[in-house]
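Notes for the structure review
Take a look at the letters that make up each chain.
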Amino acid sequence: MPRLLSQALRASGAPLLFGFRLWAAICLALFIAFWLELDNASWAGTTAALVCQPRLGASMRNGWFRVVGTVVGAAAIVLLSAAFPQDRAAFLIGLALLCGASAFVAAQLANASALSASLVGATAAIVAGGELGAVGGPNGQAFLLAVSRATEICIGVAAAGIVLASTHVGVASHRLHEQISGIAAEIRSHVSNMLVNAGGALPDSQLVRRDLARRIIGLNAQIDEAIGESWQVRYNASLLQRALEGLLQALMSWRILALRLSALQGDVAAQQAGRILQIAPQFALADAQPQPAAAASPDRRAYASTARALLREPAASPSMRLLADETARIMAGFCRMLDGLALLRDGRVPLTSTRTRRRAPSDLLPALVAALRSFSVVLIAAALWIATAWPNGSTAIVWAALATVIFAAAGDESFARVSAWALGTGMAAGCAAVTAFAVLPNVHSFVGLSLVLGLYLVPAGALSTLPLKPPVFGAMATLFVPLLNPENQMSYDTLQFYNASMAVVVGCCIGAMSYLILPPVSPAIRTRRLLRLTLRDFRSLCRPDADASREDWETLMYGRLAAIPDSATPQQRSEILAALSLGLTLIRLRRALRSLPLNSELGEALASLAHGDVAVARDDLQRVDMALARRASALGRATADRTRGLLKVMDDGLAQQAAYFSGGSLQ
């Protein structure tokens, strides 16, 4: 029994500690707001609750983006009020458009950027709710309300940041370092096994590569946390993005190696793989421990030296040239990964400059649906308010808008989250009623108010970190303060509290119901659309006038990989990866043949591929390969072999994914 009690206490330590942090942040925000005598201190406490998260990096990163979104949203609603000073209908339509635009942008972004975009519409709705009042129509107080609400929100962000930074030690950088090192070690181990066992029965590694690609893309959220914890990581965040790109590059080159080795005869494959192992000792032992985590500086030099040796290797055949080049690309990808690890471990930054790559929009349909939902909900809530002449109808508009804007970027989980949010709001309203009328009348100091809040917030915050129903308990912890609405001079008007609480609950329920009436685009439809868009873009890349660079294609395809739903089948993930790999190979092939007298023959093959004639395109590519073989002496053996290796990559990829590139798998 004592052992079980000790284990229970250790397991509950971290959740309870977060509950105390949440309580301290809210109390600090309320104290500052009361001291400044702001008119609605509850928004400061609510913001502090929203900013507080169990992980320090996520809290700090989201806090700064909340400030940006708040300032932009406050400025936008002031401009909207100035444009329609006496026109309630136009003002409400403008508010609906602003919330819809905010939801559209948030659905296109991810992590903290999406939060900042959603806060634009949320802040606009909050200020508009105070401006409309009970009777409706802009009252000319937009600027003062915007300044007041923005100040309250910034106080909440600052209070949460102070509490978290002084009581929490961030481990996001260490955790990200371990995850990147672990993924790199897995890739290295699998490539080693493949090279050592070449010539025999190679294991099917497609499922492993698809899972690794999903894990690599998922590290973007961890990067956001690391950025929030360290200013040095923040100013060199592009190194971490390059580290992920390096892992994806290694993954694609591993795929090309696997396809080429499986296409060769057993003895030829074993001979060529053995030569690669001689040049690249990093792959000599399949069970070797991952070197990148040990010492980044010497390992990076070793990887770079190996890459140069592989590129200089005088290959005896196009296949050997291809194996050497792709192994060199794996080494180059590991070098980029090691730069990111050096930044995370000891803050070292390479002398070469890097620039942040913006993720390209993947598919506009989910964002358009989110924008239409938010726009419609604001208008429906406004129509309900006007029709019923409800004094607290403007509050319902605010919370209905918040329910659709804040969860616009949640994707497949949006309905589950907003439903739990609505349920948690109802439960928090009941607890707030008991607190307001049974407990607070006997409390006459801020210390007493803080203790009362702690009795509720500490357990609610602790429960929100457990894998039970975190959205429900999260809503209970976050929305308790606005429902209780503590003030310098508390009002215990039962009818007023009932109307205000009912408006919050009704607004949240309207927002939740909107996800049933206009649900998000299903994962299956989104996956098919992403595959169709990717195939369309790949075929556009095959046209003679295509001028996409390697950076453009990688940016576009990384966005598609990040947007593909978790429920996508392994085959569908493989098709996305194949399009990424063949697109990059095509760009390199065009560059290689640009100075050779075979550009027109390649154009014929690509024209067939652009029309989905995969079989004809493969025949045309083989003719180009034969022409290069005949002219190898005149063109230069190394150049011809390298170009023929790219042609073999195209042929292997088209053979493996013929159904997709012909369009048959999308029917």
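Since the model is a prediction, treat every value here as computed from it, not as a measurement.

**Details of helix α11 (residues 237-263)**
In this model, α11 (27 residues) spans 40 Å end to end at C-alpha, consistent with the 39 Å of a helix rising 1.5 Å per residue. Of all the 27 residues making up α11, 23 are buried; the element is thus mostly covered by neighbouring parts of the structure.

**Focus: unusual backbone geometry**
In this structure, E37 takes a positive phi of about 55° despite not being glycine. Here E37 is to be found in the loop between α1 (2-35) and α2 (42-51). With a relative accessible area of 64%, E37 lands in the exposed category. Non-glycine residue N485 carries a positive phi angle of around 50°. Topologically, N485 is positioned in the loop between α19 (470-484) and α20 (494-517). By relative accessible area, N485 is classed as partly exposed at 27%.

**Some points on the layout of surface pockets**
The space that makes up the second largest pocket amounts to roughly 810 Å³. Considering the residues around the second largest pocket, the lining is formed by 33 residues, among which N40, N392, T395, N485 and A500 are closest to the centre. Listed by contribution, the elements that provide at least two residues to the lining of the second largest pocket are α2, α5 (111-132), α16 (393-405), α17 (414-439), α19 and α20. Counting residues per element, the lining of the second largest pocket draws most heavily on α20, at six residues. Split into classes, the residues belonging to the lining of the second largest pocket amount to 16 nonpolar, 13 polar and four charged.

**Brief notes about empty space enclosed by the protein**
Following the criterion strictly, the structure yields five cavities of 30 Å³ or more and no others. Roughly 170 Å³ of internal volume is contained in the largest cavity. Forming the boundary of the largest cavity are 15 residues, of which W43, T46, L50, I126 and I406 lie nearest the centre. Those elements that provide at least two residues to the lining of the largest cavity are α2, α5, α16 and α19. Ranked by residues supplied to the lining of the largest cavity, first place goes to α2 with four residues. Every residue lining the second largest cavity is listed: Q249, M252, S253, I256, E326, R329, S581, L584, T585 and R588. Secondary-structure elements contributing two or more residues to the lining of the second largest cavity are α11, α14 (318-346) and α23 (570-593). Among the residues forming the lining of the second largest cavity, the class breakdown is three nonpolar, four polar and three charged.

**Focus on a nonpolar patch on the surface**
A contiguous nonpolar patch, built from F415, M513, L516 and I517 and spanning about 450 Å² of accessible area, is present on the exposed surface. With three residues, the single largest contributor to the nonpolar patch is α20. Inspection of the secondary structure puts I517 in helix α20. Accessibility expressed as a relative area gives 69% for I517, which makes it exposed.

**Quick word on the pattern of salt bridges**
Within this structure, the stated rule accounts for 18 salt bridges. Between R215 and D211 there is a salt bridge; the shortest N-O distance is 3.8 Å. Of this pair, R215 and D211 both sit in helix α8 (residues 206-217), separated by four residues, roughly a single helical turn. Residue class for R215 comes out partly exposed when judged on its relative accessible area of 28%. D537 is the salt-bridge partner of R536, the closest N and O atoms lying 3.1 Å from each other.

**Re α14**
For α14, spanning 29 residues, the distance from its first C-alpha to its last is 42 Å, which sits close to the expected 42 Å at 1.5 Å a residue. Burial analysis of α14 places 25 of its 29 residues in the buried class, which makes it a mostly covered element.

**Regarding the nonpolar core**
By size, the foremost hydrophobic cluster in this structure holds 103 residues, and its most contacted members are I187 and F661. If we ignore the near neighbours within four places in the chain, the residues touching I187 are L212, L247, A250, L251, W254 and F334. One finds I126, L164, A403 and V505 within the second-largest nonpolar core, a separate group that totals 63 residues.

**Structural notes on the packing of helix α15 (residues 365-388) against α20**
Between two packed helices, both the angle of their axes relative to each other and the distance between the axes serve to describe the pair. At a closest axis distance of 10 Å, the pairing of α15 and α20 adopts a crossing angle of 135°. The pairing of α15 with α20 is recorded here as oblique in orientation. Between α15 and α20 lies a crossing of right-handed hand. Across from R373, V377 and L384 in α15, the residues of α20 making contact are I510, S514 and Y515. Here the residues of the contact of α15 with α20 are counted per class, giving four nonpolar, one polar and one charged.

**Quick word on the packing of aromatic side chains**
Taken as a whole and judged by the stated rule, the model has 11 aromatic pairs. With a centroid separation of 6.0 Å and 85° between ring planes, the pair formed by F34 and F446 is classed as edge-to-face. Taken as a pair, F34 in helix α1 and F446 in helix α18 (residues 446-464) lie far apart in primary sequence, 412 residues in all. Measuring from ring centre to ring centre gives 6.1 Å for W399 and W421, while their planes differ by 40°; the resulting arrangement is tilted. Within this pair, whereas W399 is found in helix α16, its partner W421 is found in helix α17, the two being separated by 22 residues in sequence. Members of the aromatic cluster, joined through ring pairs, are W43, W399, F407 and W421. One Lys or Arg, R209, reaches over the ring of W254 and ends 5.2 Å from the middle of that ring.

Parameters at a glance
- Residues numbered from 1 in each chain as written.
- Predicted model: local features only at pLDDT ≥ 70, side-chain atom pairs only at ≥ 80, totals over all residues.
- Heavy atoms only, no water.
- Helix = DSSP H or I, 4+ residues; strand = E, 2+ residues; numbered from the N terminus.
- Expected span 1.5 Å × (residues − 1).
- Buried < 20%, exposed > 50% of the residue type's maximum accessible area, 1.4 Å probe, protein only.
- 1 Å grid on protein atoms, 1.4 Å probe; cavity = no way out; pocket = protein on both sides within 12 Å on 5 of 7 lines; lining within 4 Å.
- Points joined across faces, edges and corners; volume = space filled by probe spheres on them.
- Nonpolar A, V, L, I, M, F, W, Y, C, P; charged D, E, K, R; others polar.
- Patch = residues over 30% accessible without salt bridge, like charges linked within 9 Å, V, L, I, M, F, W, Y side chains within 5 Å.
- Areas by Shrake-Rupley, 256 points an atom, 1.4 Å probe, with all protein chains shown as cover.
- Salt bridge = Lys/Arg side-chain N within 4 Å of Asp/Glu carboxyl O.
- Core = buried A, V, L, I, M, F, W, Y, C linked by side-chain atoms within 4.5 Å.
- Contact = heavy atoms within 4.5 Å.
- Axes fitted to C-alpha atoms, helices over the stretch in contact; angles between N-to-C directions.
- Parallel < 35°, antiparallel > 145°, perpendicular 65-115°, else oblique.
- Left-handed = near helix turned anticlockwise from the far one by under 90°.
- Phe/Tyr/Trp six-rings, centres within 6.5 Å; stacked < 30°, edge-to-face > 60°.
- Lys NZ or Arg CZ within 6 Å of the ring centre and 35° of its normal.

Functional significance is not addressed by these values, which are geometric in nature.
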